[in-house]
Every structure is written in structure tokens, then in C-alpha cells.
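Letter by letter, the chains look like this.
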Amino acid sequence: MARALLVVDVQPTFCEDGALGVAGGNAVAQRIADFVASHRDDYALIATSQDWHIDPGEHFSDNPDFVDTWPPHGVAGTAEAELHPALAGLNADIAVKKGQYSAAYSAFEGVTEDGTSLAEVLKDAGIEAVDVVGIAESHCVCASALDARKEGWPVRCFSDLTVPVSEELGAAARQTMADAGVELADSSDLGMAGHA
């Protein structure tokens, strides 16, 4: 089965000391890098997404509610918006950027350098299933997994390769994903699962 790995928003802006830092972000970035190093051959395609805000309008706020509005983060062209240094050797096949001029949570709202949508790229590559990892489980990872399901793919989210903004939001996201048919798995199970 042609499987894609979607690495969502693993950027310094969402890790410790970043503008919207999530506790455990740096460790997750390293775990993802290690996982890819061990499992690269399991994937027909690896895609990354980045929040890449140029002028996202009301998405940025000086008085954020942390639901619909946020402090500036993922600002296009800054070091914080680049892929996390741990992923320097990832060699992704596809990179999409999202949120240039509006809020964007799902990687499926992103486009490649030439303006192609992530869904188009995956379909053109003959992808039959999608695994999702990244930051944050409660927001962009969840939204990306749900959109992959809406596009018709079987989807797995590796709980050990993502981290939520808070435990409560993480639990809610896992329930939402499970209700939508996303398989919640642990990447360490792959060794025993025969790379199903």
C-alpha cells in the first residue's frame, strides 16, 4: 500500500521558547526525525507543512483569545517559521506552506511552491493511506488528520510523535479523531505490525 507520512508544523515557533511554544515540542521533533530515519522505506512520500504567515489578518491579535486569534507566530521568512533543525535531514518529497493571508490549521489548506494543493499532490502520487505526526495534536495535527479522512484516505495518527497544547485539548482531539475514523497508534507498534 502506498503510504504517505504527513509531518505537520514541526517548527521552532511551536516548540519551547517559540512564539506559541508547546511543552515537549523539541522532543517530538527529535522523535519524528529518528522515526523517519528508521522508517523512510515504509513511505512512498513524505510531506511537511509549515505555518507561513505573511498577513493573516485577524488570525494575529495583540489580545488573543487562543481559540480564533493568536499572538504572531510562524511569520514567513523568520527562523521560527522554518522547519525544526532536528528535521534537517528529513529530505521530504513535498513541502506545503499554509496560512499566508488567513488562518489555516489543516495541512490540506497548504500549497506547494507552484500552488498545488496537498490533496492533489497525494492523489497524483497514488497515495492510498496517510500517517500524520507533528505539532500540535490538539490543533493542526487533528485538523490535518480529519481532512485526510474527508479526502477518503485511511489515516493513522501516531500519538507518540505529536504533542497537544494541553492534556484536556489533547484528549478532546483524540476523541474527535477517533470518532472520524482516524486510527490512533504508537509508532513503536510498527515493528510488530509488519508495516501494515
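Since this is a predicted model, take the numbers as computed values, not measurements. (Residues numbered from 1 in each chain as written. Predicted model: local features only at pLDDT ≥ 70, side-chain atom pairs only at ≥ 80, totals over all residues. Heavy atoms only, no water.)

Engineer: Please give an account of the layout of surface pockets that cites residues and values.
Structural biologist: Size it by volume and the largest pocket reaches roughly 270 Å³. What lines the largest pocket is a set of 17 residues, among which Phe14, Leu20, Trp70, His139 and Val165 lie closest to the centre. Each residue belonging to the lining of the largest pocket can be placed in one class, and the counts come to 12 nonpolar, 4 polar and 1 charged. (1 Å grid on protein atoms, 1.4 Å probe; cavity = no way out; pocket = protein on both sides within 12 Å on 5 of 7 lines; lining within 4 Å. Points joined across faces, edges and corners; volume = space filled by probe spheres on them. Nonpolar A, V, L, I, M, F, W, Y, C, P; charged D, E, K, R; others polar.)

Engineer: Lay out the sheet that holds strand E4 (residues 129-135) in plain terms, naming residues and giving numbers.
Structural biologist: Strand order in the open sheet made by the 6 strands is E3-E2-E1-E4-E5-E6, with parallel pairing throughout. Because the sheet does not close on itself, it has two edges, and the strands there are strand E3 (94-98) and strand E6 (183-185). Neighbour-to-neighbour, the strand axes of this sheet turn through a mean angle of 25 degrees, independent of strand direction. Along the sheet face, helix H3 (residues 137-150) touches strand E1 (3-8), E3, E4 and strand E5 (155-163) and points at about 170 degrees away from the line of E4. (Pairing = 2+ DSSP bridges. Helix = DSSP H or I, 4+ residues; strand = E, 2+ residues; numbered from the N terminus. Axes fitted to C-alpha atoms, helices over the stretch in contact; angles between N-to-C directions. Contact = heavy atoms within 4.5 Å.)

Engineer: Tell me about the UniProt feature "domain: Isochorismatase-like" (unreviewed entry) in the protein chain, and please be specific about residues and values.
Structural biologist: This chain's UniProt record puts "domain: Isochorismatase-like" (unreviewed entry) on residues 4-187. With 27% helix and 20% strand, residues 4-187 has its two end C-alpha atoms placed 14 Å apart. (UniProt positions renumbered as here; feature names shortened; annotations may be inferred.)

Engineer: Describe in detail the packing of H3 against helix H4 (residues 167-179), supporting the description with residues and values.
Structural biologist: Contact pair H3 / H4: the axes reach a minimum separation of 9 Å and the direction vectors enclose 5 degrees. By the angle between their axes, H3 is roughly parallel relative to H4. In this structure, H3 uses Glu137, Ser138, His139, Cys142, Ala145 and Leu146 to contact H4, whose residues at the interface are Leu169, Gly170, Ala173, Arg174, Thr176 and Met177. Here the residues of the contact of H3 with H4 sort into 6 nonpolar, 4 polar and 2 charged. (Parallel < 35°, antiparallel > 145°, perpendicular 65-115°, else oblique.)

Engineer: Help me get a handle on unusual backbone geometry, residues and values and all.
Structural biologist: With glycine set apart, most residues show a phi of negative sign, and most peptide bonds adopt trans. That bond from isoleucine 135 to alanine 136 is cis: its omega, -5 degrees, falls within 30 degrees of zero. The phi torsion at aspartate 17 lies on the positive side, around 75 degrees, for a residue other than glycine. Mapped onto the elements, aspartate 17 comes out in the loop between E1 and helix H1 (25-39). Phi is positive for phenylalanine 66, which is not a glycine, with a value near 60 degrees. Its place among the elements puts phenylalanine 66 in the loop between strand E2 (45-51) and E3.

Engineer: Hey, could you go over the nonpolar core for me, with residue numbers and the actual values?
Structural biologist: Residues Leu6 and Leu122 are the most contacted members of the largest nonpolar core, which totals 29 residues. Mapped by element, the contributors of at least two residues to this core are E1, E2, E3, helix H2 (118-124), E4, H3, E5 and H4. For this core, the element with the highest residue contribution is H3, accounting for 6 residues. Once you skip the residues sitting within four places of it in the chain, leucine 6 turns out to touch Ala47, Ala107, Phe108, Leu118, Val130, Asp131, Val132, Val133 and Ser144. Phe14, Val36, Leu87 and Ala185 belong to the second-largest nonpolar core, a separate cluster that totals 26 residues. (Core = buried A, V, L, I, M, F, W, Y, C linked by side-chain atoms within 4.5 Å. Buried < 20%, exposed > 50% of the residue type's maximum accessible area, 1.4 Å probe, protein only.)

Engineer: Describe the state of the cysteines, naming the residues involved and giving the relevant values.
Structural biologist: Simply put, disulfide is the name for a covalent bond between the sulfur atoms of two cysteines. Per the stated rule, a full pass over the model turns up 0 disulfides. Counting only cysteine sulfurs, cysteine 157 is the nearest neighbor of cysteine 142, a cysteine outside any disulfide, at a range of 8.2 Å. (Disulfide = S-S within 2.5 Å.)

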